[in-house]
Every structure is written in structure tokens, then in C-alpha cells.
Amino acid sequence: MKNDCPFPDNIRKIGICTPSKRVEPEQITAAVALLEKWGIAYTLAPDVMTAGEEDYFAANAEKRAAAFNALLRDESIDLILCSRGGYGAAYLLPLIDWDLLKKRNLPVIGYSDVTALHLAMLARSAGRPVAARMAAHLPDIAADPFSCDSMRHALAGTPEKTVQLSPVIPSVISSVTGGFVPVNLTVLASLCGSQWLPDWSGMILALEDIDEEPRKIDRMLLQLDLAGIFDAVAAVVFAGFSGECGSPEEQKRIFRRFAERHPQIPFFEGLTFGHALPSLSFAVGKSVTIRKDGFMTY
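Here the structure is a predicted model, which means the values were calculated and not measured.

Bridge analysis of strand β4 (residues 107-110) against strand β5 (residues 128-131) gives four bridges, and the strand direction is parallel. In the strand pairing of β5, Val108 is matched with Pro129. Note that the unit made of β4, helix α4 (residues 115-124) and β5 has a crossover that is right-handed. In the sheet, β5 pairs with strand β12 (residues 282-283) via two bridges, with the strands oriented antiparallel. Looking across to β12, one finds that Ala131 is bridged to Phe282.

Moving on to the sheet that holds strand β13 (residues 287-291). Taken together, eight strands build an open sheet; the order of strands is β6-β14-β13-β8-β9-β10-β11-β7 and the sheet is mixed. Both edges of this open sheet fall to β6 (162-164) and β7 (166-167), since each of them pairs with a single strand only. The sheet contact formed by strand β10 (residues 235-242) and strand β11 (residues 267-269) spans three bridges and is parallel. For Val237, the partnering residue across the bridge sits in β11 and is Phe268. Contacts from helix α8 (residues 214-226) reach β9 (204-210) and β10, with the element oriented near 155° to β9.

With respect to topology, six strands assemble into an open sheet ordered β2-β1-β3-β4-β5-β12, the strand pairing being mixed. Looking at which strands have only one partner, the edges of the open sheet turn out to be β2 (41-44) and β12. Sheet contacts for α4: β3 (79-82), β4 and β5; angle to β5, the most-contacted strand, approximately 145°. The sheet strands contacting helix α6 (residues 145-156) are β3, β4, β5 and β12, and the helix crosses β4 at an angle near 155°.

Across its 13 residues, helix α2 (residues 61-73) extends 18 Å between first and last C-alpha, which sits within 8% of the 18 Å expected from 1.5 Å per residue. Ala61, Arg64, Ala65, Ala67, Phe68, Asn69, Leu71 and Leu72 are the residues of α2 that are buried. A side-chain oxygen of the first residue of α2 lies 3.2 Å from the backbone nitrogen of Glu62; this N-cap is Asn60.

This paragraph deals with the packing of α8 against helix α10 (residues 248-261). Remark: α8 packs on α10, axes separated minimally by 10 Å, with the N-to-C direction vectors making an angle of 15°. One finds that α8 runs roughly parallel with respect to α10. When you trace α8 past α10, the crossing you get is right-handed. Judged by residue contacts, Pro214, Ile217, Asp218, Leu221, Leu222 and Asp225 of α8 engage Glu250, Ile254, Arg257, Phe258 and Arg261 from α10. Of the residues that constitute the contact of α8 with α10, the class distribution is six nonpolar, no polar and five charged.

What follows deals with the pairing of β4. Of the two faces of β4, both are covered, the one formed by Pro107 and Ile109 as well as the one formed by Val108 and Gly110. Taken together, β3, helix α3 (residues 98-104) and β4 constitute a β-α-β crossover, and its handedness is right-handed.

Turning our eyes to something else, we now look at the packing of aromatic side chains. In this structure the tally under the stated criterion is 15 aromatic pairs. Through successive ring pairs, a cluster of aromatic residues spans Phe230, Phe238, Phe241, Phe255, Phe258 and Phe267.

Bringing a nonpolar patch on the surface into the picture now. On the surface, a nonpolar cluster with roughly 320 Å² of combined accessible area is contributed by Tyr56, Tyr87 and Tyr91. Within the fold, Tyr56 resides in the loop between β2 and α2.

Moving on to unusual backbone geometry. Here the bond from Leu277 into Pro278 is cis, since omega is 0°, no more than 30 degrees from zero. Within the element layout of this structure, Pro278 appears in the loop between β11 and β12. The backbone of Asn105 sits at a positive phi, close to 55°, despite the residue not being glycine. Here Asn105 is to be found in the loop between α3 and β4. Even without being glycine, Asp211 reaches a positive phi, approximately 55°. Here Asp211 is to be found in the loop between β9 and α8. The exposure class assigned to Asp211 is partly exposed, which follows from its relative accessible area of 46%.

About the cut-offs
The numbering scheme is per chain: residues are counted from 1 as the chain's sequence reads. Restriction of local features to residues with pLDDT of at least 70 applies here, the model being predicted, together with a cutoff of 80 or more for giving and counting side-chain atom pairs; totals for whole chains, interfaces and linings are based on all residues. No hydrogens and no water enter the side-chain calculation; it runs on all heavy atoms of the structure. Only when DSSP finds a minimum of two bridges between them are two strands counted as paired. Put simply, DSSP H or I for four residues or longer makes a helix, DSSP E for two residues or longer makes a strand, and each gets a number counted from the N terminus. Crossover handedness is defined here as right-handed if the route from the first strand over the helix to the second strand goes clockwise, with the strands pointing away from the viewer. Contacts: residue pairs with any heavy atoms within 4.5 Å of one another. Each axis is a line fitted through C-alpha atoms, taken for helices only over the stretch in contact, and angles between the N-to-C directions span 0 to 180 degrees. Helix span, expected: 1.5 Å multiplied by one less than the number of residues in the helix. Burial here depends on accessible area, computed with a 1.4 Å probe over protein chains only, as a share of the maximum for the residue type. Under 20% is buried, over 50% is exposed, and the range in between is partly exposed. In protein, a polar contact requires one atom able to donate a hydrogen and another able to accept it; more generally it is a pair of N or O atoms within 3.5 Å, and residues adjacent in sequence count only if both atoms are side-chain atoms. Angles are sorted into four bins: roughly parallel if under 35 degrees, roughly antiparallel if over 145, roughly perpendicular if 65 to 115, and oblique for all others. Take the far helix as your reference; a near helix turned counterclockwise from it by less than a right angle gives a left-handed crossing, and one turned clockwise gives a right-handed crossing. The classification used treats Ala, Val, Leu, Ile, Met, Phe, Trp, Tyr, Cys and Pro as nonpolar, Asp, Glu, Lys and Arg as charged, and all other residues, Gly among them, as polar. Classification of ring pairs uses Phe, Tyr and Trp, with its six-membered ring standing for Trp, and accepts pairs whose centres are within 6.5 Å; under 30 degrees between planes counts as stacked, over 60 as edge-to-face, and the remaining range as tilted. Every patch collects residues that have over 30% relative accessible area and no salt bridge, joining them within 9 Å if they carry like charges and within 5 Å if they are nonpolar side chains (Val, Leu, Ile, Met, Phe, Trp, Tyr). The accessible surface values rely on the Shrake-Rupley method and a 1.4 Å probe; as for residues, cover is taken only from the protein chains in view. A side-chain nitrogen of Lys or Arg and a carboxyl oxygen of Asp or Glu constitute a salt bridge if their distance falls within 4 Å.

Right, dumping it as C-alpha cells:
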């Protein structure tokens with residue numbers, strides 16, 4: 001295993017697809033050059049660099065889903081790596097061969113818009129969702145030892161690691177354990193009321209986003225609240241809100257507002273996960289424990 005390779009030794013062949021926005025050719029060229037350097041075989045789905053009807057899609061939803069399903073049928077593939085996020089993955093949800101994904105139990109790597117796939121995978125108990133960097137970001141993660149090591153850990157599952165979070169407000173709960181679900185806030189809010197969300201009971205929900213105004217962050221959190229998600233989960237963790245997401249002071253006020261609405265569950269902040277590097281990676285749904293002082297073991 002090379003030190004700059006984020007994939008463990010059992011990953012011998014990767015399938016790359018584009019469930020959301022078209023990826024730039026130079027990004028794929030850089031990604032496959034790294035895979036070749038690391039000695040990992042790969043298959044590029046035919047939709048990877050195809051433009052769609054709109055500039056925010058790759059090919060149409062049927063073609064994108066067909067490409068994903070074709071990778072599932074290729075028994076030589078050990079992992080599906082999404083090329084990038086953007087928008088559009090939710091269109092694929094009714095078109096994915098969920099029975100085959102459950103049978104293959106492949107890891108599917110992505111974050112941001114790939115949240116839609118990950119949530120549906122949890123809801124259908126199909127495959128292994130992994131919240132981590134995508135093909136377009138492989139050069140960045142290869143150059144970042146912290147993020148690279150975390151991605152290997154998320155795929156290999158061992159050894160146990162810890163990270164320090166900060167309680168948003170003091171909590172009476174000494175510790176909490178539950179399946180850890182790190183997601184993009186915008187995508188989760190867009191799926192509220194659909195059939196593609198898991199049972200939130202006892203889960204630990206982690207939220208991140210990028211370039212959303214504070215009032216929109218507040219509105220989407222309220223949407224989750226009114227949908228009953230905060231009443232069901234065991235804890236909430238605020239991760240990276242990068243780009244144009246308001247000042248740290250504005251974010252803290254919003255986080256505290258929702259923590260105060262739900263004093264029966266602990267709220268934490270400060271998780272290094274999101275659109276900015278360095279960023280941790282996680283096996284979505286894996287059980288973690290967070291102590292009252294904010295130490296999370298995962």
C-alpha cells in the first residue's frame with residue numbers, strides 16, 4: 001500500500017460513475033493516472049463525462065442509472081467511486097437495481113449530492129455507503145495525509161479512532177451511541193417526506209453544507225425539525241459549513257437555537273467533515289460513541 005493511496009489493499013478494481021453533474025475531462029485524467037500509479041484497475045462508466053440537457057446534469061437520469069447498474073453487474077469491481085457531486089443523484093433512486101446492490105454489498109463512495117444515494121442505501125439496506133472524497137478530488141486527498149488516512153480507515157474499518165467535538169450547550173446525557181450518518185443538509189432536506197430516508201431512531205446525524213446563506217441553513221434545519229428527525233435521532237453533530245455560509249458567530253447562533261429546542265438530545269459542533277480539506281471520511285451507518293465531553297470514538 002502506498003502512503004498516498006486512500007484505498008486499502010483489498011480494493012483491486014474501481015468503477016467510476018457520475019450520478020450528478022458531469023465531471024471535467026482533466027479531473028478524470030488526473031484520477032485515473034493516480035489509480036494506475038497505485039496499481040488499481042478501473043472502469044469508467046460511459047456517462048462520466050457526458051453532458052446532459054442542463055449544465056447541472058451529466059447524461060439523462062436513465063443513462064446515469066444504467067451506468068451505475070452496469071457497474072453493479074461487473075463482478076470484478078470491488079468499489080463504486082462517484083466522480084463528483086453537484087445535483088441530480090436523487091433522480092436515480094427509482095431506477096437503481098437495489099436488489100443487486102444488496103447482493104453485491106459494494107461500497108459506494110461520495111459525499112455532497114451523493115448523500116441522496118447514501119440515504120437511500122440505508123433505507124433499502126443495500127450496499128455500503130462511504131462518505132468520502134470522490135474521483136475529481138483524488139489528487140487533493142492523495143496530497144493530504146490526514147484525509148488520505150481517514151479514507152483508508154473508513155474503507156478498512158479498523159483500527160478504532162477518536163475525534164474531539166464541542167457540545168453546543170451543556171447536556172445531561174453522559175454519552176450516546178448510534179449509527180453515524182454524515183450527510184449534506186440541503187440534500188437531506190430535499191428528501192424529507194420521500195420514501196428514500198432511513199429510520200432515524202437512535203441514529204447520530206451529522207450535517208454539512210457549502211455556500212448556503214444562514215437563513216437557508218436555518219430554514220432547512222427547521223424543515224428537519226418539523227419533519228420529526230431531531231425528535232428521533234440520538235444526537236446531532238454540526239460539521240463543516242464552508243464557503244458562503246455566514247460567519248462563525250451566525251452559525252453558532254443557529255446551532256444553539258436548535259439545540260435549545262431539543263434539550264433531550266445532545267448537539268455537538270466542530271466535526272472536521274465537509275467540502276473543505278482536511279476532511280474525515282466515514283462508513284455511513286457504522287456505530288459510534290460520543291461522550292458528554294465531545295470525544296467521539298468511531
